[in-house]
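Examining the three-dimensional arrangement
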Amino acid sequence: MRPERSPTDALFAALCRRGAALQREFLRTDTGRTLRYADLHAESARLAHALVALGVRPGERVAVQVDKSPEAVLLYLATLRAGAVYLPLNTAYTEAELEYFIADAQPALFVCTRARLPQLQPLAARLHVRALVTLGTDDEGDTDTDAGAGTVAGAVPLLTAARALPAEFDDVPRHRDDLAAILYTSGTTGRSKGAMLTHGNLLSNARTLALHWRFSADDVLLHALPIFHIHGLFVAINVTLAAGSSLLFLPRFDPAAVLAALPHTTVMMGVPTFYVRLLNDARLDRARVARSRLFISGSAPLLTDTHSAWRERTGHVILERYGLSETGMNCSNPYDGERVPGSVGPPLPDVSLRISDPASAAPLPAGAIGMIEVRGPNVFAGYWGAPDKTRAQMRPDGYFITGDLGRVDERGYVYIVGRGTDLVISGGYNVYPKEVETEIDALPGVLESAVIGLPHPDFGEGVTAVVVPHMTATLTESAILAQLRARLAAYKLPKRIIFVDELPRNVMGKVQKAQLRARYAGLYEPHLPERDT
């Protein structure tokens, strides 16, 4: 029998239950605009009413591809309050990429930017999206928009519709096992899969991280991450809400803006690219981070050189952690205790981690390299519409097979040593090589290609394409990139294209990507700027 529902099972109620009357600041933008905790309740209530008015029912998906803004955060919270499932989509996705996600998730509502509305009208109609609307942020304007005929409903922007609606909303009761969000993540084969995250998954992770990283109401988090990604949305924002902290909310990562914001913040979450670029600026010094107490890095491997250079320059030791779209955070270096360069620290409380033999699934002893498996309240409910793929990644005892290879030392610190997949993580974003290879192989003059990730001082890994031309073809790097730009999001584009006569293969004919990675490992040779001693 399913346990009785409790208001605290719902993510919004649990994270924001204290805030309805709080005048404390939740968010401040770089232009000085503020949102109080009380505003979160009132404005997300209005937006929740607007979602219901558009016919969004509990359990239905709300797909969102909008620019980063306070209104986008309010829409996320409103979706939770309406009992719907939030589906954030990268703002860089092309129409061809969006078609797959919309067809797979079948959202009831698709919220896009005003600029993309005409382009996406035929797509939404073709895929039977019930309503296509804009959010109506300040930079878009709030003029009425005709979204066209057919199955796509013409509607004013959500914010315009919400203005006249009540500032109170009876939240739809949600159980800890009910879906809160779907995040699409790349796998080793096939297309992207939708990781189903429940209210319980997100709530457990937010509470654990807030405690582990010592967040309090006195903290101000410097937020320069995108909010269509687990890092910027479900880690940064949910942890802030769980602790009653506040955000200094930047529209994007810009070194000058971040340096200007650092003296006014206590914590920064970033990807390795952030730290590398800040180290390249002479204005970064100890005085600028005097108020800071914690710098967190994730979403991609942090180079040991970057770790050491940051400590030397600022006096702070970066805390590296390890997570996945399917699980949220699994491991973290300690707040108190040694933060080991190259390690992601021990498993978080309530998370069990083991190393198994990739072939036999047998547990391996400390120090042995094998497949990382995790189990805990943070582990997702499965892949959307893909029970076979879910079963393939889950052990009978509840452990999730991460696809990452690693080891655990005698102290319990986890080290990621590689991936059992060919997934590339560039600038914190997942890039599935097969998708890029398919686009390259379709170009005139290309015989075949192999896409790999190589160590990159700025992006963690640089997407790199190794291309074999037809014998009579004349190909150039610039020409290939020019054709790919119309088909792929910018972060998926190769940083370099290397031309070869043939790809290395084993006796079974499989391309040996490990050989390619070894051969070109120094292509983006990392280096940090020299400093006077």
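Residues numbered from 1 in each chain as written. Predicted model: local features only at pLDDT ≥ 70, side-chain atom pairs only at ≥ 80, totals over all residues. Heavy atoms only, no water.

With that settled, consider the sheet that holds strand β24 (residues 496-499). With respect to topology, three strands assemble into an open sheet ordered β22-β23-β24, the strand pairing being mixed. Sheet topology places β22 (446-456) and β24 at the edges, where each strand pairs with a single neighbour. Neighbouring strand axes in the sheet, compared pairwise and without regard to direction, differ in orientation by 25° on average. When strand β23 (residues 460-469) meets β24, the two strands line up parallel, connected through four bridges. Within β24, the residue paired with Val466 across the bridge is Ile498. (Pairing = 2+ DSSP bridges. Helix = DSSP H or I, 4+ residues; strand = E, 2+ residues; numbered from the N terminus. Axes fitted to C-alpha atoms, helices over the stretch in contact; angles between N-to-C directions.)

Take a positive patch on the surface next. A surface patch of like charges, here positive, comprises Arg17, Arg18, Arg24 and Arg207. With respect to the helices and strands, Arg17 occurs in the loop between α1 (11-16) and β1 (25-29). What makes Arg17 exposed here is its relative accessible area of 51%. (Patch = residues over 30% accessible without salt bridge, like charges linked within 9 Å, V, L, I, M, F, W, Y side chains within 5 Å. Areas by Shrake-Rupley, 256 points an atom, 1.4 Å probe, with all protein chains shown as cover. Salt bridge = Lys/Arg side-chain N within 4 Å of Asp/Glu carboxyl O. Lys, Arg positive; Asp, Glu negative; His and termini not counted. Charge placed at Lys NZ, Arg CZ, Asp CG, Glu CD. Buried < 20%, exposed > 50% of the residue type's maximum accessible area, 1.4 Å probe, protein only.)

Of the volumes computed, that of the second largest pocket is approximately 830 Å³. Thr91, Pro226, Phe228, Arg252 and Tyr429 are the residues nearest the centre of the second largest pocket, which is lined by 36 residues in total. Elements supplying a minimum of two residues to the lining of the second largest pocket: β3 (61-65), β4 (85-88), α8 (231-243) and α10 (272-279). Taken together, the residues of the lining of the second largest pocket sort by class into 20 nonpolar, eleven polar and five charged. (1 Å grid on protein atoms, 1.4 Å probe; cavity = no way out; pocket = protein on both sides within 12 Å on 5 of 7 lines; lining within 4 Å. Points joined across faces, edges and corners; volume = space filled by probe spheres on them. Nonpolar A, V, L, I, M, F, W, Y, C, P; charged D, E, K, R; others polar.)

On to the sheet that holds strand β10 (residues 246-249). Taken in spatial order, the eight strands line up as β2-β1-β10-β9-β11-β12-β13-β14 in an open sheet, and their pairing is mixed. Edge positions in the sheet fall to β2 (34-36) and β14 (328-332), since each has one partner strand and no second. If you compare each strand with its neighbour and ignore which way they point, the axes differ by 25° on average. Pairing of strand β9 (residues 220-223) with β10 involves four bridges; the strand directions are parallel. Looking across to β10, one finds that Leu221 is bridged to Leu247. Of the strands in this sheet, β1, β2 and β10 are in contact with helix α3 (residues 70-81), which crosses β1 at around 145°. (Contact = heavy atoms within 4.5 Å.)

Where burial is concerned, most of α10 is hidden: seven out of the eight residues are buried. All of the buried residues in α10 are Pro272, Thr273, Phe274, Tyr275, Val276, Leu278 and Leu279.

On to α8, then. Under the 1.5 Å per step criterion, the end-to-end length of α8 is 17 Å for 13 residues, consistent within 8% with the ideal 18 Å. Taken across its 13 residues, α8 has twelve buried, putting it largely inside the fold. Buried within α8 are the following residues: His231, Gly232, Leu233, Phe234, Val235, Ala236, Ile237, Asn238, Val239, Thr240, Leu241 and Ala243. Backbone geometry just downstream of α8 places Gly244 in the positive-phi region, at approximately 70°. (Expected span 1.5 Å × (residues − 1).)

Two numbers describe how α3 lies on α8: the axes approach to 13 Å, and their chain directions differ by 80°. With respect to their mutual orientation, α3 and α8 come out roughly perpendicular. Of α8, the residues touching α3 (which contributes Val73, Tyr76 and Leu77) are Leu233, Phe234, Ile237, Asn238 and Leu241. Taken together, the residues of the contact of α3 with α8 break down into seven nonpolar, one polar and no charged. (Parallel < 35°, antiparallel > 145°, perpendicular 65-115°, else oblique.)

For the rest of this paragraph, the subject is the environment of Phe253. Mapped onto the fold, Phe253 is located in the loop between β10 and α9 (255-261). For Phe253 and Glu502, which are 249 residues apart along the polypeptide, the C-alpha to C-alpha distance reads 39 Å. Ignoring any residue separated from it by four or fewer positions in sequence, one finds Phe253 in contact with Ala224, Val258, Phe274, Arg277 and Leu278.

As a packed pair, α10 and helix α11 (residues 304-314) sit with axes 10 Å apart at the nearest point and diverge in direction by 50°. Relative to α11, the element α10 lies oblique. In this structure, α10 meets α11 at a crossing whose hand is left-handed. Within the contact between the two elements, α10 uses Tyr275, Val276, Leu278 and Leu279 and α11 uses Thr306, Ala309, Trp310 and Arg313. Partitioned by chemical class, the residues of the contact of α10 with α11 number six nonpolar, one polar and one charged. (Left-handed = near helix turned anticlockwise from the far one by under 90°.)

Looking now at the environment of Thr402. You can see Thr402 is positioned in strand β18 (residues 400-408). What Thr402 contacts, discounting residues up to four positions off in sequence, is Tyr322, Leu324, Met371, Ile372, Glu373 and Val374. A polar contact is formed between the side chain of Thr402 and the backbone nitrogen of Asp404, at a distance of 3.0 Å. (Polar contact = N/O pair within 3.5 Å; in protein donor to acceptor, adjacent residues only side chain to side chain.)

On to unusual backbone geometry, then. Its identity as a non-glycine residue notwithstanding, Gln106 has a phi of 50°, on the positive side. Along the chain, Gln106 falls in the loop between α4 (95-105) and β5 (109-112). Although it is not a glycine, His128 adopts a positive phi angle of roughly 60°.

The subject of this paragraph is the pairing of β10. Here β10 shows two buried faces, one formed by Ser246 and Leu248 and the other by Leu247 and Phe249. Between β9 and its parallel partner β10, the chain crosses via α8, and the hand of that crossover is right-handed. (Right-handed = clockwise from strand over helix to strand, strands pointing away.)

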